[in-house]
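Read off the chains here:
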2 protein chains.
Amino acid sequence: MTTVQEPKFTNFDDNDQKPVGFGRMLRKEDPRFLRGRGRYTDDVQLPGMLHLAILRAPFAHARIVSVDTSAAEASPGVKLVVTGAMLAEKGLAWMPTLSNDVQAVLATDKVRFQGQEVAFVVADDRYAARDALELIDVEYDVLEPVVDARRALEAGAPLIRDDLTDKADNHVFDWETGDEAATEAVFANADVVVVEDIVYPRVHPAPMETCGAVADFDSIDGKLRLWSTTQAPHAHRTLYAIVAGIPEHKIQVIAPDIGGGFGNKVPIYPGYVCAIVGSILTGKPVKWMEDRSENLISTGFARDYIMRGEIAATRDGKILAIRTNVLADHGAFNGTAAPVKYPAGFFGVFTGSYDIEAAYCKMTAVYTNKAPGGVAYACSFRITEAVYLVERIVDCLAHELDMDPAELRLKNFIQPEQFPYETKTGWVYDSGDYEPTMRLAMDMAGYADLRREQAEKRARGELMGIGIAFFTEAVGAGPRKDMDILGLGMADGCELRIHPTGKAVVRLSVQTQGQGHETTFAQIIAEEIGIPPADIEVVHGDTDQTPFGLGTYGSRSTPVSGAAAALVARKVRDKAQLIASAMLEVSVADLDWAKGSFVVKGDPGKSVTIQDIAMRAHGAGDLPDGVEGGLEAQICYNPSNLTYPHGAYICVVDIDPGTAQVKVRRFIAVDDCGARINPMIIEGQVHGGLTDGVGMALMEMIAFDEDGNCLGASLMDYLIPTALEVPDWETGFTVTPSPHHPIGAKGVGESATVGSPPAIVNAVVDALKPFGVRHADMPLTPSRVWDAMRGQATPPI
Amino acid sequence: MTTVQEPKFTNFDDNDQKPVGFGRMLRKEDPRFLRGRGRYTDDVQLPGMLHLAILRAPFAHARIVSVDTSAAEASPGVKLVVTGAMLAEKGLAWMPTLSNDVQAVLATDKVRFQGQEVAFVVADDRYAARDALELIDVEYDVLEPVVDARRALEAGAPLIRDDLTDKADNHVFDWETGDEAATEAVFANADVVVVEDIVYPRVHPAPMETCGAVADFDSIDGKLRLWSTTQAPHAHRTLYAIVAGIPEHKIQVIAPDIGGGFGNKVPIYPGYVCAIVGSILTGKPVKWMEDRSENLISTGFARDYIMRGEIAATRDGKILAIRTNVLADHGAFNGTAAPVKYPAGFFGVFTGSYDIEAAYCKMTAVYTNKAPGGVAYACSFRITEAVYLVERIVDCLAHELDMDPAELRLKNFIQPEQFPYETKTGWVYDSGDYEPTMRLAMDMAGYADLRREQAEKRARGELMGIGIAFFTEAVGAGPRKDMDILGLGMADGCELRIHPTGKAVVRLSVQTQGQGHETTFAQIIAEEIGIPPADIEVVHGDTDQTPFGLGTYGSRSTPVSGAAAALVARKVRDKAQLIASAMLEVSVADLDWAKGSFVVKGDPGKSVTIQDIAMRAHGAGDLPDGVEGGLEAQICYNPSNLTYPHGAYICVVDIDPGTAQVKVRRFIAVDDCGARINPMIIEGQVHGGLTDGVGMALMEMIAFDEDGNCLGASLMDYLIPTALEVPDWETGFTVTPSPHHPIGAKGVGESATVGSPPAIVNAVVDALKPFGVRHADMPLTPSRVWDAMRGQATPPI
């Protein structure tokens with residue numbers, strides 16, 4: 001059931017609001033963004049608002065000897081100076097994480113990473129607050145920092161988390177999945193075994209908007225309003241209730257417009273808690289906004305995986321087994337509300353898109369003297385690393401077999417008749433049809449022609465590479481217990497209310513950081529209930545206005561909340577049909593739904609519109625027996641499975657042999673995310689993810705020196721791609737609907753971020769094949785490529 | 001089933017939040033009011049907000065010859081001057097009412113009452129706006145004003161509403177109820193017939209806060225936010241959508257804290273529409289707040305009924321029939337959104353608490369050159385007038401029969417076994433047990449002793465009066481078609497959501513103007529779901545946050561929304577029970593509900609609290625099959641009948657024979673409003689209504705001179721009672737639950753306003769019995785009493 005055609009839903013015509021439903025439609029939210037009228041957290045201005053600034057540790061590992069705040073307190077405009085010791089008196093110096101440990105709000109005993117929060121100042125304005133930070137006198141006793149995850153495991157390494165009574169070393173956890181013995185048996189008997197050490201370096205999501213919050217605690221009614229840059233307002237609310245002791249019904253978390261999330265805005269940062277404390281203690285609203293450097297050195301890192309990949313195959317290219325060993329660097333803390341409770345969870349799909357006999361993974365996670373890591377940066381927790389590993393090691397196998405990497409993949413794909421397909425690690429892929437997706441990408445690329453061109457160029461000494469990555473994503477957390485990161489389930493609520501005049505409001509538990517929810521969800525409702533998208537208000541991001549749900553991450557909005565929206569609309573439609581049957585005086589069975597009206601079967605002149613029905617539903621009497629007034633419904637939707645989008649990416653690079661500069665010349669991305677609601681928005685998501693991939697593959701890495709100083713504290717040091725570094729993306733789509741999603745949709749928000757780095761690295765390595773290169777680690781900067789060309793492996797970290 | 005005991009609900013102890021439910025509990029909303037932290041419309045401050053002032057007509061009836069705004073436009077700080085002609089260009093000069101006619105927003109052709117809106121100015125501040133009003137030059141051609149409703153019906157009277165093509169005279173409507181012929185037959189054969197002309201003068205609710213609005217129209221997303229002093233935010237929203245063409249989903253009406261409503265804040269006033277127009281045209285937020293004089297001369301009048309009451313009885317005091325003829329003065333317009341579509345509706349219960357053979361009422365309503373009248377000022381649309389009429393005419397009958405008025409009433413009460421009782425005008429009283437209520441009031445008053453005291457004083461020439469009024473109220477609009485004032489039904493929505501930590505939020509369609517909803521509804525939910533009231537947030541007054549419903553008037557909050565709240569809580573409890581059965585691994589039938597937890601029958605050690613269940617409901621998995629996650633429900637409740645509270649009031653007055661000053665010495669009020677949720681709040685409602693009654697009976701009347709000038713334009717002229725004019729109220733209660741309300745409650749918000757004026761007037765007339773006085777019209781000011789003592793009837797209007 002794969003097709004390159006759009007699914008047969010009503011097409012939405014931009015020029016006419018009447019036809020409703022799926023299709024290319026300009027984003028409803030864009031007018032405010034395009035006119036500079038977005039409303040971000042830093043736009044929140046409240047009467048009497050104060051400003052908060054955070055003093056951060058200059059050392060990666062040091063004992064705090066003393067803190068003197070007297071000069072800061074005397075500084076002009078300063079209202080409040082708070083240290084860890086002061087928080088400790090109130091039991092707020094540490095906050096529990098979801099990983100059964102704790103994270104410091106403000107350091108008390110020692111600092112554990114450079115940039116850690118030590119104290120904060122609240123003052124009349126941002127300048128006064130920042131100036132006063134300079135006046136806080138902290139005496140440190142510097143300790144040996146642990147910067148390398150391998151050092152963390154060595155005997156004699158400094159114990160970083162001496163605050164935890166149950167930790168005698170720097171282990172966070174050990175975890176395994178798959179069948180070790182069965183895998184070893186396959187490996188022992190295989191024709192070919194390839195082993196490669198592969199590093200996914202520490203990167204930062206670097207959203208355009210940094211993190212921040214405005215806390216406004218009303219001492220009269222005891223209510224906290226918190227505007228914050230969060231991807232998960234409801235989860236944050238529940239956690240604030242548990243952590244801070246403010247009752248849940250007295251907390252309103254508002255995520256206004258958010259300038260990008262990418263996982264960076266899932267955790268609860270100490271700054272949010274500081275803003276709350278600041279507002280409680282001053283009785284005034286308090287704003288905290290990071291600057292760029294604070295965001296880069298202290299919030300929401302991802303990756304930092306040292307992996308050994310092993311693959312066993314027959315001589316003719318049948319993959320038999322995959323085995324991997326991972327050392328994960330979690331930094332000094334597991335982030336509060338960060339999805340690191342089952343940190344290895346999604347790494348379980350490391351067997352990729354291939355039908356193999358056995359698989360085994362062992363993972364060890366450690367604390368180091370780095371900022372907290374492990375955010376779900378466009379990766380559905382770790383699937384980015386897993387896909388990178390498998391797609392890299394499969395290419396290494398192709399290298400060893402001297403086999404075309406496309407051919408190798410096509411030979412090993414899970415076949416359409418095998419779905420639902422259970423992997424050797426226990427994940428059940430809902431649907432997939434991989435070969436047509438791969439073939440479409442190859443057709444779009446002109447794969448054979450590219451290989452011919454490459455051969456010609458190689459003959460001339462030019463460095464051209466063609467890289468392929470094929471991925472299966474697992475998105476839509478989700479029903480699995482090991483994904484229940486909050487212990488709060490993974491269901492999403494959704495409410496739909498039709499007003500008397502037939503306009504609608506839909507309330508989502510998920511919210512948007514730029515993904516276009518206000519459009520996509522209006523289209524879902526429009527498709528189901530026949531009200532034009534312009535007549536549908538999409539409300540999200542305010543816990544006072546929306547039902548409970550876990551938030552927006554892991555590409556779960558469409559798979560979970562999208563399903564909830566479709567199903568709640570069907571509930572409303574079912575009720576509308578009952579009312580229509582009374583209005584038209586026919587039985588429910590005698591009515592056909594005609595996208596916006598119910599029509600009497602065989603008598604097309606007799607019909608009522610959904611708007612007529614809405615007015616009737618709000619009128620007195622004349623409703624069928626047992627039908628309540630109003631036209632609305634609510635749902636709490638817990639999906640029966642994840643959705644598993646897939647995609648085939650082909651990257652063409654040219655490398656300047658003189659400068660070793662990699663240029664991505666072409667990038668063909670064929671995504672299959674099931675039914676597509678708004679292809680334009682999906683393409684935008686893919687374009688963004690591919691750009692992410694260029695950054696990670698070629699430019700981005702948060703590095704530390706041996707003292708634990710972060711070397712990526714500005715966008716001058718931490719390079720992110722711009723329009724100059726990316727090609728014109730060539731996108732294509734196949735459609736394999738999810739069988740368990742009511743409209744067959746899968747998530748697509750992270751696919752390109754997951755799939756593009758291996759495609760680019762595979763292309764670069766392919767370009768370097770004349771030099772005998774089988775692997776090189778990201779980021780493939782000119783110096784690393786230069787080294788690789790000369791047979792020198794750059795130390796991975 | 002009448003008792004003076006509290007119903008057997010869990011008692012709520014002020015000092016302990018653990019026991020939950022009904023009982024005396026301090027009001028949850030009071031901390032913000034007592035500390036001056038209420039948030040009223042005039043407290044709304046928005047960046048860049050402008051201020052609006054309205055130019056009002058100096059004449060009651062005049063043609064507009066010309067309007068020159070040039071000087072006003074040039075005045076400092078003025079941003080905008082708008083006239084009726086400008087609105088007419090946009091089709092906004094008139095707004096439809098719910099009475100099938102229209103109301104002027106700004107006058108175009110002529111002004112029809114003194115104080116009518118003629119133009120408005122928007123300026124930087126309130127002072128600049130008011131100053132500029134003086135510079136608008138309006139030329140008028142003055143016409144004959146119609147001030148007396150009787151003049152309106154005369155041939156040759158000026159045609160007031162010449163804008164209406166279907167009106168050739170000043171009739172608004174003619175209406176009748178009951179059986180005219182059957183009533184005439186009874187009257188023709190009765191032993192005794194008493195006829196009296198009785199006037200209920202025009203009064204004003206005079207809430208402490210005047211009316212106003214802040215309109216904020218966002219041109220980017222097309223959304224209108226309107227803070228306004230409204231008792232019916234949802235109904236207003238729908239009407240703005242219909243009237244102004246702004247789509248309903250793009251309108252948010254917020255009723256913040258409201259400083260008293262009393263029906264005055266049900267209509268849509270031209271000022272609200274002006275503020276909206278002002279915001280749209282300036283692109284800025286616009287605030288409009290009335291001053292006291294504007295409120296008194298132009299908004300929300302009530303009563304103004306000229307009534308002839310006739311009663312037929314046997315010589316021994318059995319009442320046989322009641323007949324009445326009413327002339328109702330509606331002023332120049334029917335107010336938009338004012339419940340005057342079926343203006344005579346509740347007057348239908350004019351037969352009171354008596355079991356009679358026949359009844360007939362004829363009513364005529366007319367336009368006059370007065371401000372729009374007919375608001376539901378604590379009267380459930382007209383029941384105040386009806387009760388006053390019947391209780392006055394019954395006293396006249398007692399006077400004629402020389403019978404004790406208590407005895408006469410006791411002889412004629414509908415008996416408990418007759419309920420549900422259908423009146424001769426087709427109203428079905430749900431429940432009642434009148435005699436115990438009457439007896440309790442008489443006991444509390446020491447009625448026999450009072451009569452003895454009166455006799456002694458009369459013998460000494462002192463003027464002491466004892467007045468009785470017994471009323472049956474009809475509240476909780478409601479299921480009757482003739483009460484569907486908006487054509488939008490009379491149902492109330494309610495939503496209850498339990499958060500993961502077991503705290504709750506309940507969202508009401510009704511809101512509060514001081515009635516204590518935040519407490520009462522928390523208690524209802526607490527009683528049903530076992531969560532302490534302190535853990536329940538009550539949300540109301542914001543159309544973006546609450547389900548649709550018609551608003552707060554006619555004492556309908558507890559009868560309709562209170563029922564909705566109880567039933568939605570039971571829905572949630574039913575779901576909780578399913579989850580509890582899974583948690584405790586027993587069948588649903590094996591669980592007992594123990595006010596906050598489910599306990600296994602016969603094994604009291606095995607139980608789960610509602611808080612445990614809430615967390616489970618938000619956790620992954622482990623819910624029974626078919627049970628959605630979350631713990632919440634919604635309802636749209638349409639009651640099957642009204643509720644009919646009743647009450648017996650006894651008033652004792654002393655009149656100074658030298659000054660004719662009336663002093664209310666004692667007032668005994670026994671109310672029966674069914675089950676009582678918070679007796680303290682109920683007593684507060686009764687105290688307020690009794691004070692209203694003192695005002696209407698003794699002090700208040702909006703009078704007009706022959707030119708149509710309003711003589712009550714300030715609180716120096718329109719006297720309202722203060723603590724100095726009222727006695728210490730003596731309240732008592734009986735409890736006759738409503739059989740169709742889930743907790744047996746009836747509305748009580750207006751009972752005392754309805755019942756106290758006849759009790760006071762009856763007392764004054766009783767005091768004047770030595771002078772042969774049988775009737776005197778309100779307000780019984782010293783001059784009127786003086787005249788009555790001298791046998792001179794003051795002209796009623």
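Cut-offs used in this document
Residues numbered from 1 in each chain as written. Chains lettered and ligands numbered in written order. Predicted model: local features only at pLDDT ≥ 70, side-chain atom pairs only at ≥ 80, totals over all residues. Helix = DSSP H or I, 4+ residues; strand = E, 2+ residues; numbered from the N terminus. Rg over C-alpha atoms; globule rule 2.2 N^0.38 Å. Buried ≥ 20, exposed ≤ 12 C-beta atoms within 10 Å, placed from the backbone. Core = buried A, V, L, I, M, F, W, Y, C linked by C-beta atoms within 7 Å. Contact = placed C-beta atoms within 7 Å. Domains from an automatic or database assignment. Nonpolar A, V, L, I, M, F, W, Y, C, P; charged D, E, K, R; others polar. Least-squares fit on C-alpha atoms with pLDDT ≥ 70 in both. Pairing = 2+ DSSP bridges. Axes fitted to C-alpha atoms, helices over the stretch in contact; angles between N-to-C directions. Parallel < 35°, antiparallel > 145°, perpendicular 65-115°, else oblique. Left-handed = near helix turned anticlockwise from the far one by under 90°. Arc of directions from axis to C-beta. UniProt positions renumbered as here; feature names shortened; annotations may be inferred. pLDDT = per-residue confidence, 0-100.

### A closer look at the overall build of chain A
Here's step 1: Across its full length, chain A carries 19 helices and 30 strands.
Here's step 2: The C-alpha atoms of chain A give a radius of gyration of 27 Å, which matches the 28 Å a tight globule of 797 residues would have.
Here's step 3: Counting over 797 residues, chain A shows a buried share of 61%.

### Here we look at the nonpolar core
Here's step 1: V121(A), V506(A), I525(A), I650(A), I760(A) and V764(A) are the most contacted members of the largest nonpolar core, which has 248 residues in total.
Here's step 2: If sequence neighbours within four positions are ignored, V121(A) has contacts with L52(A), A53(A), A72(A), V78(A), V81(A), A129(A), A132(A) and L133(A).
Here's step 3: Ranked by size, the runner-up nonpolar core spans 247 residues in total, among them V118(B), A321(B), C361(B) and M701(B).

### Details of the domain arrangement of chain A
Interface size, as often reported, equals the accessible area lost upon joining of the parts.
All names here are of chain A.
Here's step 1: Domain parsing of chain A yields domain 1 (30-38 + 491-637), domain 2 (41-143 + 210-258 + 265-298) and domain 3 (305-478 + 641-789).
Here's step 2: Each of domain 1 and domain 2 has a C-alpha centre, and these two points are 40 Å apart.
Here's step 3: Between domain 1 and domain 2, the contact holds 14 residues from the first and 15 residues from the second.
Here's step 4: Considering only residue class, the side of domain 1 that touches domain 2 consists of three nonpolar, nine polar and two charged.

### Here we look at the relation of the copies chain B and chain A
Here's step 1: Take chain B, turn it by 180°, move it 0.0 Å along the axis, and it overlays chain A with an RMSD of 0.1 Å. Taken together, the rotation angle and the small translation identify this as a two-fold axis. For chain B, the smallest separation between a C-alpha atom and the rotation axis is recorded for Q545(B), amounting to 2.8 Å.
Here's step 2: Comparing interface residues between copies, 98% of those in chain B also sit at the interface in chain A, which points to an isologous, same-surface contact.

### Description of the environment of D163(B)
Here's step 1: Here D163(B) is to be found in the loop between α5 (149-152) and β9 (171-178).
Here's step 2: Here the alpha-carbon distance between D163(B) and K110(B), two residues 53 residues apart in the chain, equals 9.4 Å.

### Considering the sheet that holds strand β16 (residues 319-329) of chain B
Residues and elements named next belong to chain B.
Here's step 1: Spatially, five strands are ordered β9-β17-β16-β15-β10 in an open sheet, and the strand pairing comes out mixed. Taken across any chain shown, the strands that pair with only one partner, and hence form the sheet edges, are β9 and β10 (192-200). Each neighbouring strand pair of the sheet contributes to a mean axis angle of 10°, computed without reference to strand direction.
Here's step 2: Inspection of the sheet shows β9 paired to strand β17 (residues 358-366) by seven bridges, in the antiparallel sense. Following the sheet pairing, F173 is matched in β17 by A365.
Here's step 3: Contacting β10, β15 (305-313) and β16, helix α10 (residues 383-401) crosses the sheet at an angle of about 140° to β10.

### Some remarks on the packing of helix α10 (residues 383-401) of chain A against helix α11 (residues 405-412) of chain A
Residue and element names in this part refer to chain A.
Here's step 1: Two elements in contact, α10 and α11, have axes whose closest approach is 9 Å; the angle formed by their N-to-C orientations is 115°. Looking at the two axes, α10 sits roughly perpendicular to α11. Handedness of the crossing formed by α10 with α11: right-handed. Residue-level inspection shows V394, D395, L397 and A398 of α10 in contact with α11, the latter providing P405, L408 and R409.
Here's step 2: The class makeup of the residues in the contact of α10 with α11 is five nonpolar, no polar and two charged.

### Quick notes on the interface of chain B and chain A
Here's step 1: Listed as interface residues are 46 residues of chain B and, on the opposing side, 46 residues of chain A.
Here's step 2: Elements with a minimum of two residues in the side of chain B that touches chain A: α1 (30-34), α7 (233-244), β22 (504-508), β23 (536-539) and β27 (631-637) of chain B.
Here's step 3: Top element by residues in the side of chain B that touches chain A is β27(B). It accounts for four residues.
Here's step 4: In terms of residue class, the side of chain B that touches chain A is built from 17 nonpolar, 16 polar and 13 charged.

### Comments concerning helix α16 (residues 610-617) of chain B
It helps to recall that an α-helix has 3.6 residues per turn; residues three or four apart then point in one direction.
All names here are of chain B.
Here's step 1: Taken as a whole, α16 has its buried residues at I610, I613, A614, R616 and A617. Down the axis of α16, the buried side of the element spans an arc of 165°, and every buried residue falls inside it.
Here's step 2: Looking at the buried positions of α16, the neighbouring elements they touch are β21 (492-498), α14 (517-529), α15 (557-584), β25 (597-600), β26 (603-609) and β27.

### Focus on the sheet that holds strand β1 (residues 50-56) of chain A
All names here are of chain A.
Here's step 1: Taken in spatial order, the seven strands of this open sheet run β3-β7-β1-β14-β11-β12-β13, and their pairing is mixed. Of all the strands in the sheet, just β3 (78-83) and β13 (251-254) have a single pairing partner and so form its edges. Averaged over all pairs of adjacent strands, the angle between strand axes in this sheet comes to 20°, irrespective of strand direction.
Here's step 2: Of the strand pairs in this sheet, strand β11 (residues 212-218) and strand β12 (residues 223-228) are connected by six bridges, and their pairing is antiparallel. Note that in β12 the partner of F217 across the bridge is L224.
Here's step 3: With respect to the sheet, helix α4 (residues 126-133) is in contact with β1, β3 and β7 (117-123), its orientation differing from that of β1 by roughly 25°.
Here's step 4: Each of β1, β3, β7, β11, β12 and β14 (286-289) is contacted by helix α8 (residues 270-282), which is oriented at about 30° to β11, the strand it contacts most.

### A short note on the UniProt feature "domain: Aldehyde oxidase/xanthine dehydrogenase a/b hammerhead" (unreviewed entry) in chain A
Here's step 1: Here the UniProt-annotated "domain: Aldehyde oxidase/xanthine dehydrogenase a/b hammerhead" (unreviewed entry) positions come out as residues 35-144 of chain A.
Here's step 2: For residues 35-144 of chain A, the end-to-end C-alpha separation is 51 Å, with 16% helix and 37% strand making up the annotated structure.

### Concerning the environment of R39(B)
Residue and element names in this part refer to chain B.
Here's step 1: Within the fold, R39 resides in the loop between α1 and β1 (50-56).
Here's step 2: According to the C-beta neighbour criterion, R39 is exposed, with 11 such atoms within 10 Å.
Here's step 3: C-alpha separation for the pair R39 and L87, spaced 48 residues apart in sequence, amounts to 32 Å.
Here's step 4: Here R39 is in contact with P256 and D257, once residues within four sequence places are set aside.

### Some thoughts on the environment of G602(B)
Here's step 1: Tracing the sequence through the fold places G602(B) in the loop between β25 and β26.
Here's step 2: Residues G602(B) and D433(B), spaced 169 residues apart in sequence, show a C-alpha to C-alpha distance of 40 Å.

### A few points about the confidence of the model for chain A
All names here are of chain A.
Here's step 1: Per-residue confidence for chain A gives a mean pLDDT of 91; residues scoring 70 or more make up 93%.
Here's step 2: Every residue in residues 1-19 is under pLDDT 50, and counting partners more than four places away or in other chains gives 41 contacts.
Here's step 3: This prediction of the complex comes with two scores: 0.92 for pTM and 0.89 for ipTM.

### Quick notes on unusual backbone geometry
Here's step 1: Each neighbour pair has its own omega, and for M778(A) with P779(A) the value is -10°, a cis peptide bond.
Here's step 2: Not every positive phi belongs to a glycine, and A206(A) is a case in point at roughly 45°.
Here's step 3: Look at A660(B): it is not a glycine, yet its phi comes out positive at around 65°.
Here's step 4: A660(B) gets classed as buried once you count the C-beta atoms within 10 Å, which come to 21.

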